[in-house]
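What follows is each chain in one-letter form.
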Amino acid sequence: MNSESCSKKVSFLIYAGIAVTVTGSLGLSSFMSIGNGERFKAVMLFVVFLSLLYAVVSVRLGLPKEHIFYAILIAGLAMRIGYAIYTYPDVRQHDVWDSDGHYPYIMSLYENFRLPAGYEGQFYHGPLSHLMIALFLRLVGLTGIDPLSGSWIQVVPCVLSSMTIVVTYRTARALKLKDNACLAAAALTAFHPTFYLLAGSINNDMAMTFFFFLAVLYTVKYYNQPTFKNILLLAVSIGCSMMSKLSGGMIALFTGPVFLAVLILCVRQARHPEKPLPASARQLSGLTVKRLIGQFAAFLAVCAPLGLWHSIRNVIVYGQPLGYVPAPPVDGDLYIGWRTIGERFLSFPLSEYFGSWCNPRGDYNLWTYMLKCAIFGEWEYNAPQLLADSFLLLFLILAAASFLYMIWCLRNKGLHPVLRYGLPLLTAVQLISYVSFNIGYPFGCTMDFRYIVPTIIPFAVYTALFAASTGGSSRKWKQALSGVIYSLIGAFCALSVLFYVII
């Protein structure tokens, strides 16, 4: 068996193991009392401790670095599963339980095998996330178990949240990061609190996010190896992301330039075969323009129907405007349009960042809210404020370091082109869209970090790359800086575990 097929087999076993572990754990919890969540938190902490011990032993024994990744994956799984178990399906949810919310959407597919009528409330969204949950509940029901009891409804988002750890790790490897950087990027994703919250959430955010992450991976893989298989998997990923939530289509502004770069290089090779391709594009050698156009046509034939059929259906059947997003009333307590542009977008009030939780009915500054919401969501917790502020300070430092290193990477010619240009473009697209969304919809709820979760990819990658690249230097101050960044990453993971175990 060659290394590629072996790698595919291992990836399949990991994904299958995640699905079985999450399903079994949440299913078992459905037969137990969730009234005492402390028992589940103790199990979470114990599994994380065992994973850390396994990682340390692996390093001591000189085992391959993949063993450290398995430890990270198991710990991340424990945090997601534990959170979903001790958090009831009706706790910390977005737009789920209204009469036109995500739960009635799921129930319409589960009970009647049909889409809900109209596009009011959350019914305007694509059905993929709701359909996956509904089909899974049907499968559970075939066993004679009541699928609407316990945490069964959270299994699908928890599985997808857990799989993002693997996707981030594979993306880092496809970008040719060093082993330590790949592990650090996986750890930042494994212990990022956003994925705990999404693991327990039953709306469509996690499905859109997972397929968006998968599309980033296959964009990189397609650039590395421009085959029909990779472009078709990319098309399916983007189509599924859009079928979960139309905003998943923003990935096109990341993938499109990669396609354009491949096309330009391919045309250049056809016109000037005597000129060698750049070292970073040697994999395109032999790719003809005709074959490339065929790949693009196949991509469009798969991606467009998957991603757009529901929106087009709603336009025809209900007259739903394309790109429709419902807005809260301007006379409600969520409206913040009366705040100045400077207050909302051109400042960073520390008094709003530290000392309080996210408050969509009181906060107004986009940047402080974005960073707070990335760690805590829009919720309040029974936890020490000092611990919360320490977590926020640490995240602010890491986010700033990641952003600055991303800017520095723009001038580093030795990096993978997607790493040098693609991920900065992805970050810019997400942030510009985020700001535009908040200008058009000036409400506290539109500042939620769940609208730009894909920025976690460049955050994890550039933070990890910063630590790994400085560590490889012969200069002592750079080695010290690398140690500091790795320590901050470790502290971030530890605080994430601690906070979400004690709440």
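Rules behind the numbers
- Residues numbered from 1 in each chain as written.
- Predicted model: local features only at pLDDT ≥ 70, side-chain atom pairs only at ≥ 80, totals over all residues.
- Heavy atoms only, no water.
- Helix = DSSP H or I, 4+ residues; strand = E, 2+ residues; numbered from the N terminus.
- Rg over C-alpha atoms; globule rule 2.2 N^0.38 Å.
- Contact = heavy atoms within 4.5 Å.
- Phe/Tyr/Trp six-rings, centres within 6.5 Å; stacked < 30°, edge-to-face > 60°.
- Buried < 20%, exposed > 50% of the residue type's maximum accessible area, 1.4 Å probe, protein only.
- Lys NZ or Arg CZ within 6 Å of the ring centre and 35° of its normal.
- Axes fitted to C-alpha atoms, helices over the stretch in contact; angles between N-to-C directions.
- Parallel < 35°, antiparallel > 145°, perpendicular 65-115°, else oblique.
- Left-handed = near helix turned anticlockwise from the far one by under 90°.
- Nonpolar A, V, L, I, M, F, W, Y, C, P; charged D, E, K, R; others polar.
- Patch = residues over 30% accessible without salt bridge, like charges linked within 9 Å, V, L, I, M, F, W, Y side chains within 5 Å.
- Areas by Shrake-Rupley, 256 points an atom, 1.4 Å probe, with all protein chains shown as cover.
- Salt bridge = Lys/Arg side-chain N within 4 Å of Asp/Glu carboxyl O.
- Core = buried A, V, L, I, M, F, W, Y, C linked by side-chain atoms within 4.5 Å.
- pLDDT = per-residue confidence, 0-100.
- Expected span 1.5 Å × (residues − 1).
- Polar contact = N/O pair within 3.5 Å; in protein donor to acceptor, adjacent residues only side chain to side chain.

K.L.:
Help me understand the overall build of the protein in this model?
P.N.:
Counting its regular elements, the protein contains 19 helices and zero strands. Compactness check: the protein gives a C-alpha radius of gyration of 23 Å against a globular reference of 23 Å for 503 residues, within 12% of the reference. Projected onto the principal axes, the alpha-carbon positions of the protein cover approximately 65 × 60 × 55 Å. The long-range fraction of contacts in the protein, counting pairs at least 24 apart against all pairs at least 6 apart in sequence, stands at 72%.

K.L.:
How should the packing of aromatic side chains be read in this particular structure?
P.N.:
On inspection of all chains with the given rule, the structure shows 36 aromatic pairs. With a centroid separation of 4.5 Å and 35° between ring planes, the pair formed by Trp 97 and Tyr 103 is classed as tilted. When its relative accessible area of 43% is taken as the criterion, Trp 97 is described as partly exposed. For the ring pair Trp 357 and Phe 499, a centre distance of 6.0 Å and an interplane angle of 55° mean the geometry is tilted. Residue Trp 357 is located in the loop between helix H14 (350-353) and helix H15 (366-376), and its partner Phe 499 is located in helix H19 (residues 476-502); the two are separated by 142 residues in the primary sequence. Taken together, the aromatic side chains of Tyr 83, Tyr 86, Tyr 196, Trp 357, Phe 376, Tyr 381, Phe 391, Phe 395, Phe 459, Phe 492, Phe 499 and Tyr 500 make up a single cluster linked through ring pairs. Positioned above the aromatic ring of Tyr 86, the side-chain terminus of Lys 41 is 4.7 Å from the ring centre.

K.L.:
So what exactly am I meant to see when it comes to the packing of helix H4 (residues 102-112) against helix H5 (residues 128-142) here?
P.N.:
For any two helices packed against each other, the geometry is given by the interaxial angle and the distance between the axes. Relative orientation of the contacting elements H4 and H5 amounts to 50°, with a least axis distance of 8 Å. When the axis of H4 is compared with that of H5, the two are oblique. Here H4 and H5 pass one another in a crossing that is right-handed. Contact residues: His 102, Tyr 105, Ile 106, Met 107, Leu 109, Tyr 110 and Glu 111 in H4; His 130, Leu 131, Ile 133, Ala 134, Leu 137 and Arg 138 in H5.

K.L.:
Explanation requested: the packing of helix H10 (residues 228-244) against helix H12 (residues 289-318) in the structure shown.
P.N.:
Packing of H10 against H12 brings their axes to within 8 Å, and their N-to-C directions diverge by 20°. Overall, the two elements H10 and H12 adopt an arrangement that is roughly parallel. Remark: the crossing between H10 and H12 carries right-handed chirality. Only Arg 291, Gly 294, Gln 295, Phe 296, Ala 298, Phe 299, Val 302, Cys 303, Leu 306, Gly 307, Leu 308 and Trp 309 of H12 make contact with H10, whose side of the interface consists of Phe 228, Ile 231, Leu 232, Leu 234, Ala 235, Val 236, Ile 238, Gly 239, Met 242 and Met 243. Among the residues making up the contact of H10 with H12, the classes are represented as 17 nonpolar, four polar and one charged.

K.L.:
Explain the environment of Leu 26 here, please?
P.N.:
Counting through the fold element by element, Leu 26 comes out in helix H1 (residues 3-29). Spatially, the C-alpha atoms of Leu 26 and Tyr 15 are 17 Å apart, while their sequence positions differ by 11 residues.

K.L.:
Can you help me understand a nonpolar patch on the surface in this one?
P.N.:
Judged by side-chain polarity, Phe 46, Phe 49, Leu 50, Leu 53, Val 57, Leu 61 and Leu 63 come together as a nonpolar surface patch covering roughly 660 Å² of accessible area. Inspection of the secondary structure puts Leu 61 in helix H2 (residues 38-61). Using a relative accessible area of 61% as the deciding quantity, one classes Leu 61 as exposed.

K.L.:
Just checking my understanding: could you explain the pattern of salt bridges for this structure?
P.N.:
Pairing between side chains of opposite charge can happen when the charged atoms of each approach one another. Counting across every chain of the model gives eight salt bridges. Between Lys 372 and Asp 363 there is a salt bridge, with its nearest N and O atoms 3.1 Å apart. For the pair formed by Lys 372 and Asp 363, the shared burial category is buried. Through salt bridges with shared partners, a single ionic network connects Asp 95, Asp 205, Lys 245, Asp 448 and Arg 450.

K.L.:
I'm lost on the nonpolar core in this one. Help?
P.N.:
Note that soluble globular proteins tend to have their nonpolar side chains buried in a common cluster. In terms of nonpolar packing, the biggest core is built from 163 residues, with Phe 376, Tyr 381, Leu 423, Phe 499 and Tyr 500 touching the most fellow members. Element by element, the count of residues in this core is highest for helix H9 (residues 205-224), at 15 residues.

K.L.:
Sorry if this is basic, but what is going on with the confidence of the model for the protein here?
P.N.:
The predicted structure's coordinates, where accompanied by low pLDDT, should not be read in detail. Residues with a pLDDT of 70 or more make up 97% of the protein, whose mean pLDDT is 93. Summarising per-element confidence for the protein, the mean pLDDT is lowest in H1 (81) and highest in helix H8 (residues 193-199) (98).

K.L.:
I keep staring at the side chain of Gln 295 and nothing clicks. Help me out?
P.N.:
Examined against the element boundaries, Gln 295 turns out to sit in helix H12. Sequence-distant contacts of Gln 295, that is, excluding residues within four places in its chain, are made with Tyr 222, Pro 226, Thr 227, Phe 228, Ile 231 and Leu 287.

K.L.:
What exactly am I supposed to notice about the environment of Ser 280 here?
P.N.:
Residue position: Ser 280 is located in the loop between helix H11 (252-271) and H12. Each C-alpha atom, one on Ser 280 and one on Gly 414, is 8.6 Å from the other, the two residues being 134 residues apart in sequence. Ignoring sequence-local partners within four residues, the contact set of Ser 280 consists of Tyr 223 and Pro 417.

K.L.:
Can you help me understand unusual backbone geometry in this one?
P.N.:
Of all residues except glycine, most have a negative phi; of all peptide bonds, most are trans. Even without a glycine there, the phi angle at Asp 95 is positive, about 55°. Mapped onto the fold, Asp 95 is located in the loop between helix H3 (66-86) and H4. Here the phi dihedral of Lys 176 falls at roughly 65°; this positive angle occurs in a residue that is not glycine. Residue classification places Lys 176 among the exposed positions, given a relative accessible area of 62%.

K.L.:
Please clarify how H10 should be interpreted in this entry.
P.N.:
Each α-helix turn comprises 3.6 residues. Residues three or four places apart therefore point the same way. Taking 1.5 Å per residue, 17 residues should reach 24 Å; H10 reaches 24 Å between its end C-alpha atoms and fits that length. Listed in full, the buried residues belonging to H10 are Asn 230, Ile 231, Leu 234, Ala 235, Ser 237, Ile 238, Gly 239, Cys 240, Ser 241, Met 242, Met 243 and Ser 244. Summarising the contacts, the buried residues of H10 are in contact with H5, H9, H11 and H12.

K.L.:
Please clarify how the side chain of His 416 should be interpreted in this entry.
P.N.:
With respect to the helices and strands, the residue His 416 is situated in the loop between helix H16 (385-409) and helix H17 (417-440). A relative accessible area of 8% places His 416 in the buried class. A polar contact of 3.1 Å, which involves the side chain of His 416, links it to the backbone nitrogen of Val 418. Among residues more than four places away in sequence, those in contact with His 416 are Ala 174, Leu 175, Lys 176, Val 220, Tyr 223 and Asn 224.

K.L.:
It is not clear to me how the environment of Thr 340 should be interpreted in this structure. Could you clarify?
P.N.:
With respect to the helices and strands, Thr 340 occurs in the loop between H12 and helix H13 (341-345). Through-space distance from the C-alpha of Thr 340 to that of Gln 93 is 30 Å; in sequence the pair is 247 residues apart.

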